[in-house]
Amino acid sequence: MAKASILFSNGREMGRIQEGKPVPLPSQRYERYCQAEREIERQHQWKKNSESRGALSFPEGFFTQMGYPQLENRGPVPRVGGMALLGGTLYYPLHVGGVGGLYTKDPAAPEKPEGVIVHRQGMLTHGLSWNGASFAVTVEDGPWRHLGFLTLPRGELTVVTEGETVEEGPSWSRDLQQVWFSSAGCGRDAAGASTGLGPAAICRLDANTMELTEVYCSPEHKCLSPKEGADGSLYFLRRPLREEKESHPIRDAVLAPGKVMKAVGGWLDLFTQRYAGETLRSGGDAKAKQKSPEELLIEGNLINVQRTLEENQSRGEKFPGLIPRSWELVRLAPGSREPETVKKGILPSALLPGGGLVLSNGRHLFSLAPGGGEELLAEVPMVSMLGVGW
């Protein structure tokens, strides 16, 4: 366990665990992009009020009104699509300002110049699982996301699925001949209008025959991020398809935009406070600055994290987290039809050699031994993806 390199990301920033502490791994690609953007703005200041900055555009002063003034000048939001550590080199997909690519970094010496595998307009890839010949990835195509393979050293990309589906979390099997992934299809009513995504099923693609098989599906759940363990067991995340929550249509229509933006800001602020040691908020007293937000937007779900944390603490959990207990890590044993619960209240997970796991509960990174023992690795909030290397 001590020899494993643990990488993490919240989808915006990356880091690694070093001697029990989170250490930032800043993307040089993103830093160069922001520097170039600031220089362009300096040279063309007169255009500032007439041109959009990046993919997301908000009125001037919007973030200040929402209580997060420092977000006004942060530029386009980067999107980290995945992480893979091969031979001591970190590979990561990044999309910013309409341009995406696959980049390399030395996590032991993050100041060294990064490498570029591929870099092109509109390229959005997610997930990163290596089998010795290619990365299994998913590729955005408008509102959909499809399974594909990205080869080295030139970064050639081949997409192998299609249709109105969202594929996520690709992972190679133990024999490196099959790819596990989740797939959710879009429903249509009698008039042909979209009814939204249905349950996400766990699927398997044979990389030699291209035969696709649905392995497990629950009508009431989203099943995500499958990974095959050393004994052939399949570990994946299982969450409710629809979160139970009281709703008032008129109230929600009026309050939703502000609530969502406060949740996004709170999510960024919480990560920055715990990870970088400072807050994005300004003004007010120290207690107000240090107070955690009540609600956070976590993977598209507005979660009351304060209430969830209190509930988890009241159950006497060793490392109480911010994630609802309905978000489970489950294990489907070979030959079984139904999975068993491994741990409740989990965001991402990663397998360790020997059958152990690295888990995040939105507040802590911790390991789970095959016998059930838990060990705290570090306190890092809102981790949405994990990587393990040696």
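Before going into details, it helps to say that this report is about the structure given with it.

Rules behind the numbers
Throughout this description, residue numbers start from 1 for each chain and increase along the sequence as written. Two thresholds apply to this predicted model, a pLDDT of at least 70 for residue-level local features and 80 or more for giving and counting side-chain atom pairs, whereas whole-chain, interface and lining totals are computed over all residues. No hydrogens and no water enter the side-chain calculation; it runs on all heavy atoms of the structure. Buried residues are those whose accessible area, probed at 1.4 Å on protein chains only, stays under 20% of the maximum for their type, while exposed residues exceed 50% and partly exposed ones sit between those limits. In DSSP terms, a helix is any run of H or I states spanning at least four residues, a strand is any run of E spanning at least two, and both are numbered starting from the N terminus. Note that the arc is computed from the directions linking the helix axis to the C-beta atoms. We call two residues contacting when some pair of their heavy atoms lies within 4.5 Å. Two strands pair if DSSP finds at least two bridges between them. Axis lines are fitted through C-alpha atoms, for helices just across the contact stretch, and the angle between N-to-C directions can take any value from 0 to 180 degrees. Residues enter a nonpolar core if they are buried and are Ala, Val, Leu, Ile, Met, Phe, Trp, Tyr or Cys, with the set joined through side-chain atoms within 4.5 Å. Any carboxyl oxygen of Asp or Glu that lies within 4 Å of a side-chain nitrogen of Lys or Arg is treated as forming a salt bridge with it. For this analysis, a polar contact is any N or O atom pair within 3.5 Å, provided that within protein one partner can donate a hydrogen and the other can accept it, and provided that sequence-adjacent residues contribute only side-chain to side-chain pairs. Stacked, edge-to-face and tilted are the three classes for Phe, Tyr and Trp ring pairs, Trp counted by its six-membered ring, which pair at centre distances within 6.5 Å; planes under 30 degrees apart are stacked, over 60 edge-to-face, the rest tilted.

### Quick notes on helix α5 (residues 305-314)
Helical geometry note: an α-helix holds 3.6 residues per turn, so side chains three or four residues apart project in the same direction. Of all the residues in α5, the buried ones are Val 305, Thr 308, Leu 309 and Asn 312. Projected onto a plane normal to the axis of α5, the buried residues spread over an arc of 100 degrees and lie on a single side. Its buried side turned inward, α5 meets β20 (295-298) and β21 (301-304). Positive phi shows up at Gly 316, right after α5, with a value of about 75 degrees.

### Here's the deal with the sheet that holds strand β18 (residues 221-228)
Strands sit in the order β18-β19-β22-β23 across an open sheet of 4 strands; the sheet is antiparallel. Looking at which strands have only one partner, the edges of the open sheet turn out to be β18 and β23 (340-344). Recorded for the sheet is a direction-independent mean angle of 30 degrees between the axes of neighbouring strands. With 5 bridges joining them, strand β19 (residues 234-240) and strand β22 (residues 328-332) adopt antiparallel strand pairing. Of the residues in β22, the one forming a bridge with Tyr 235 is Arg 331.

### Considering the pairing of β19
Of all the 7 residues making up β19, 7 are buried; the element is thus mostly covered by neighbouring parts of the structure. Burial of β19 is two-sided: the residues Leu 234, Phe 236, Arg 238 and Pro 240 facing one way and the residues Tyr 235, Leu 237 and Arg 239 facing the other way are all buried. Pairing geometry for β18 and β19, over 6 bridges, is antiparallel. Its bridge partner lying in β19, Lys 227 is registered against Tyr 235. Counting the residues in the hairpin turn of β18 and β19 gives 5 residues, including Gly 232, whose phi is positive at 90 degrees.

### Here we look at the side chain of Arg 238
Mapped onto the elements of the fold, Arg 238 is located in strand β19. You can call Arg 238 buried: its relative accessible area is 12%. Among all residues touching Arg 238, those that are not within four sequence positions of it are Tyr 216, His 221, Lys 222, Cys 223, Ser 326, Trp 327, Glu 328, Val 330, Pro 339 and Thr 341.

### A closer look at unusual backbone geometry
A cis amide bond links Leu 152 to the next residue, Pro 153, at an omega of 10 degrees. For Pro 153, the location among the structural elements is in the loop between β11 (144-151) and β12 (157-159). A positive phi angle, close to 55 degrees, is found at Glu 19, a residue other than glycine. Located in the positive-phi region is Met 382, a residue other than glycine, with phi close to 55 degrees. Assignment of secondary structure puts Met 382 in the loop between β27 (374-378) and β28 (385-389).

### Here we look at the nonpolar core
Among the nonpolar cores identified, the biggest contains 15 residues, and Leu 7, Met 14, Met 83, Leu 90, Tyr 92 and Leu 94 are the most heavily contacted of them. Top contributing element to this core by residue count: strand β6 (residues 89-96), with 4 residues. Once you skip the residues sitting within four places of it in the chain, Met 83 turns out to touch Leu 7, Phe 8, Ser 9, Met 14, Leu 90, Tyr 91, Leu 128, Met 385, Leu 386 and Gly 387. Core analysis: the next-biggest nonpolar cluster, separate from the first, contains 13 residues, Ile 17, Leu 365, Val 380 and Leu 386 among them.

### A closer look at the sheet that holds strand β25 (residues 357-360)
Within the open sheet, the 4 strands sit side by side as β24-β25-β26-β27. Their pairing is antiparallel. The outermost strands of the open sheet, each flanked by one partner alone, are β24 (349-351) and β27. Averaged over all adjacent pairs, the angle separating strand axes in this sheet is 25 degrees, with direction ignored.

### Looking at the pattern of salt bridges
Tallied over the full model, the rule gives 14 salt bridges. For Arg 145, the salt bridge identified is with Glu 140, shortest N-O distance 3.5 Å. Accessibility expressed as a relative area gives 17% for Arg 145, which makes it buried. On the basis of relative accessibility, which here comes to 21%, the residue Glu 140 falls in the partly exposed class. Between Arg 188 and Glu 164 there is a salt bridge; the shortest N-O distance is 2.6 Å. Of this pair, Arg 188 sits in strand β14 (residues 178-188) while Glu 164 sits in the loop between β12 and β13 (165-172), and the two are 24 residues apart along the sequence. Here the residues in one salt-bridge network are Arg 79, Glu 140, Arg 145 and Glu 168, joined through shared partners.

### Observations regarding the environment of Arg 79
You can see Arg 79 is positioned in strand β4 (residues 79-80). For the pair formed by Arg 79 and Leu 94, sequence separation is 15 residues and the distance between their alpha carbons is 5.6 Å. Looking at Arg 79, its side chain comes within polar contact range of the side chain of Glu 140, at 2.5 Å.

### Notes on the packing of aromatic side chains
The final tally for this structure, using the stated rule, is 6 aromatic pairs. Geometrically, the ring pair formed by Tyr 91 and Phe 135 is tilted, given 5.6 Å between the ring centres and 55 degrees between the ring planes. One end of the pair, Tyr 91, is in strand β6; the other, Phe 135, is in strand β10 (residues 134-141), and 44 residues separate them in sequence. Phe 135 matches Tyr 91 in its accessibility class, with the two residues each being buried. By way of ring pairs, the aromatic residues Tyr 91, Trp 130 and Phe 135 are connected into one cluster.

### Details of the environment of Met 83
In this fold, Met 83 is placed in the loop between β4 and β5 (84-86). It is 8.0 Å that separates the C-alpha atoms of Met 83 and Phe 8, two residues lying 75 residues apart in sequence.

### Brief notes about the pairing of β14
Here is the key point about a regular strand: its side chains alternate between the two faces of the sheet. Bridge count between β13 and β14: 6 bridges; the pairing is antiparallel. Its bridge partner being in β14, Thr 165 is matched across the sheet by Gly 185. Here β13 folds back onto β14 in antiparallel fashion, the turn holding 5 residues, of which Leu 176 has a positive phi close to 60 degrees. The pairing of β14 with strand β16 (residues 201-206) spans 6 bridges and is classified as antiparallel. What sits directly across from Val 179, in β16, is Leu 205. Sheet topology note: the β14/strand β15 (residues 194-197) ladder contains 3 bridges and is antiparallel. Bridged to Arg 188 within β15 is Ser 194. Remark: 5 residues form the turn of the hairpin made by β14 and β15, two consecutive strands paired antiparallel; Gly 192 in that turn has positive phi of roughly 90 degrees.

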